[in-house]
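Results of the structural survey
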Amino acid sequence: MTVAVLLVAPYPPRPDGIGAYAATQAALLRAGGEDVVVLSPPDGAGDVRVPFFGGRPFLRAVRAGRGVERIVVHFQPSLYFRPRRPVSKVLTSLGLLWLVLRRPQTEVLVHESDPPRPRLRPDHFLLRRALRRASLAFHTDAERRRFETEQRLRLRSFRLVDHTAGVPAPASRAEARDRLGIEPGVRLYLCAGFVHPAKGFERAVRAFGEAAQASGAEGRRLVVVGAVREPRPENLAYAERLRELCERTPGAAFVDRYVDDDELDLWIAAADRIVLPYRRSWSSGILARARALGTPALVSDAGGLPEQAGPGDVVFSGEGELARLFVHDGEAERG
């Protein structure tokens with residue numbers, strides 16, 4: 001059988017949001033009758049497994065992509081570029097350039113990118129050439145505009161991909177709360193995802209605490225669910241500060257561990273509101289899952305998030321506005 005789609009991506013059981021997205025994409029394509037091959041790092045359960053640094057996944061995709069109808073590369077820089085390894089970075093950029101030149105059916109789905117600094121560095125120069133030649137996909141037009149500005153590129157070809165596509169049907173709210181041990185009458189706010197400073201989870205906890213002082217915390221909870229993915233000192237220190245803040249904020253709690261997709265969907269289904277207090281963001285897989293599962297969100301105005309927000313979501317700017325939203329939300333519930 002001819003392979004229809006080759007996916008180049010992290011993959012479960014690796015704890016990675018992009019990997020979860022790719023797994024859902026693969027399942028949907030297969031359910032639609034497509035023959036799919038997944039090329040993943042060794043810690044993922046892909047059909048083909050190779051180390052992801054030094055351009056190796058792209059060179060392997062050139063070989064595996066012969067005769068394949070479509071190749072999709074899930075792109076986020078830290079997946080492919082080894083930190084502080086200039087030669088490896090050049091090889092990575094060369095590998096991607098070689099892939100898009102040899103296999104023009106390649107599409108690069110940009111989950112996130114970094115601005116080139118400096119622009120004339122060899123790996124950045126080669127990467128920009130590869131991205132200029134590739135067909136690109138983004139989750140929001142705001143991400144696409146930011147990408148063109150930062151990379152100083154006029155894109156040859158791009159499309160927008162709905163981030164909510166393929167999120168599985170959830171349990172009911174009552175069932176989800178029963179399985180998580182959350183009382184039916186509690187108004188639950190949820191922050192979820194990997195923990196690092198750009199997520200701004202402490203902004204939600206502080207705003208929730210401010211709202212509790214104004215209107216009381218009885219019957220309301222804010223739960224942060226997630227763990228540090230990259231154990232850098234700044235991320236570990238941030239997680240510790242977040243834990244301490246939750247401990248001294250009435251009604252707040254920090255579930256400090258990685259949860260798989262099934263448990264994540266339970267938390268989202270159980271929540272009354274998802275809270276995304278991000279400082280920086282391209283787009284959010286958590287917001288996509290919340291929209292698909294029918295849970296409204298309070299969404300910061302960072303990056304492409306406002307464009308990704310749905311009709312039932314509320315976009316806010318700054319901690320003070322979020323605190324007022326918590327107060328208003330609680331008053332509406334009590335009324």
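The preceding data block contains the structure.
Numbering of residues starts from 1 in each chain and follows the order in which that chain's sequence is written. Since the coordinates come from a predicted model, pLDDT governs what is reported: local features require at least 70, and pairs of side-chain atoms require 80 or more to be given and counted, while whole-chain, interface and lining totals use all residues. Only hydrogens and water are removed before side-chain values are computed, so all heavy atoms of the structure are retained for them.

1. A look at the overall build of the protein
Secondary structure elements are defined from DSSP: runs of H or I of at least 4 residues count as helices, runs of E of at least 2 residues count as strands, and each element is numbered from the N terminus. Check the secondary structure of the protein and you find 13 helices and 13 strands. When we talk radius of gyration, it's over C-alpha atoms, and the globule rule is simply 2.2 Å times the number of residues to the 0.38. Against the 2.2 N^0.38 benchmark of 20 Å for 335 residues, the protein shows a C-alpha radius of gyration of 21 Å, consistent with a compact globule. Seen along its three principal axes, the alpha-carbon backbone of the protein occupies a region of about 60 × 45 × 35 Å. Per-residue accessibility, obtained with a 1.4 Å probe over protein chains only, is compared with the maximum for each type, and a residue is labelled buried under 20%, exposed over 50%, and partly exposed between these values. Looking at the protein as a whole, 56% of its 335 residues qualify as buried. Intrachain contacts of the protein at a sequence separation of at least 6 include 68% that bridge at least 24 residues. Residue contacts are counted whenever heavy atoms from the two residues lie within 4.5 Å of one another.

2. With respect to helix α1 (residues 17-31)
One fewer than the residue count of a helix, multiplied by 1.5 Å, yields its expected span. In this model α1 runs 21 Å from its N-terminal to its C-terminal C-alpha over 15 residues, within 8% of the 21 Å that 1.5 Å per residue would give. Those residues of α1 that are buried lie in contact with β1 (5-8), β2 (36-40), β4 (70-75), α3 (77-80), β5 (106-110) and α10 (261-270). Polar contact is the term for a pair of N or O atoms within 3.5 Å; when the atoms are in protein, one must be able to donate a hydrogen and the other to accept it, and sequence-neighboring residues count only if both atoms are side-chain atoms. Of the residues flanking the start of α1, the one acting as N-cap is D16, its side-chain oxygen 2.8 Å from the backbone nitrogen of I18. Positive phi appears at G33, one or two residues downstream of α1, with a value of about 95 degrees.

3. A short note on the nonpolar core
One finds L242, I274 and F326 to be the most contacted residues of the largest nonpolar core, which totals 54 residues. With near-sequence residues (within four places) excluded, I274 lies in contact with L190, I268, I286, A290, T295, P296, A297 and L298. Counting residues in each nonpolar core, the second largest holds 35 residues, with L6, F52, L79 and L136 among its members. In plain words, nonpolar cores are sets of buried Ala, Val, Leu, Ile, Met, Phe, Trp, Tyr and Cys residues tied together by side-chain atoms within 4.5 Å.

4. Considerations on the sheet that holds strand β7 (residues 157-160)
Strands sit in the order β3-β2-β1-β4-β5-β6-β7 across an open sheet of seven strands; the sheet is parallel. Each having just a single partner strand, β3 (48-49) and β7 make up the two edges of the open sheet. Should DSSP find at least two bridges between two strands, the strands are regarded as paired. Pairing of β1 with β2 involves four bridges; the strand directions are parallel. Directly across from L7, in β2, lies its bridge partner V38. Simply put, an axis is a line fit to the C-alpha atoms, just over the touching stretch for a helix, and the angle between two N-to-C directions goes from 0 to 180 degrees. Together, β5, β6 (135-138) and β7 form the strand contacts of helix α6 (residues 141-151), whose direction differs from that of β6 by roughly 130 degrees.

5. Points about unusual backbone geometry
At the junction of P12 and P13, the peptide bond is cis and its omega measures out at 10 degrees in the coordinates. The residue P13 is located in the loop between β1 and α1 in this model. The phi angle at R152 is positive, at roughly 55 degrees, despite the residue not being glycine. You can see R152 is positioned in the loop between α6 and β7. We classify R152 as exposed; its relative accessible area is 58%.

6. Focus on the pattern of salt bridges
For salt bridges, the criterion is a side-chain nitrogen of Lys or Arg within 4 Å of an Asp or Glu carboxyl oxygen. Considering all chains together, one arrives at 23 salt bridges under this definition. Between D123 and R121 there is a salt bridge, with the nearest N and O atoms lying 2.8 Å from each other. Since its relative accessible area comes to 29%, R121 is described here as partly exposed. Linked through salt bridges whose partners overlap, the residues forming this network are R173, R177, R187, D272, R273 and D329.

7. What about the side chain of T92?
Topologically, T92 is positioned in helix α4 (residues 86-102). If we skip the residues at most four places from it in the chain, T92 touches F53, G54, G55, F58, Y80 and F81.

8. A closer look at α10
Since the α-helix turns once every 3.6 residues, residues separated by three or four places project in the same direction. The buried fraction of α10 amounts to eight of the 10 residues, a majority that puts the element mostly inside the structure. Of the surrounding secondary structure, the elements contacted by the buried residues of α10 are α7 (173-180), β8 (187-192), β9 (220-226), β10 (252-256), β11 (273-276) and α11 (285-293). Sitting at the amino-terminal end of α10 is D260, which places a side-chain oxygen 2.9 Å from the backbone nitrogen of E263.

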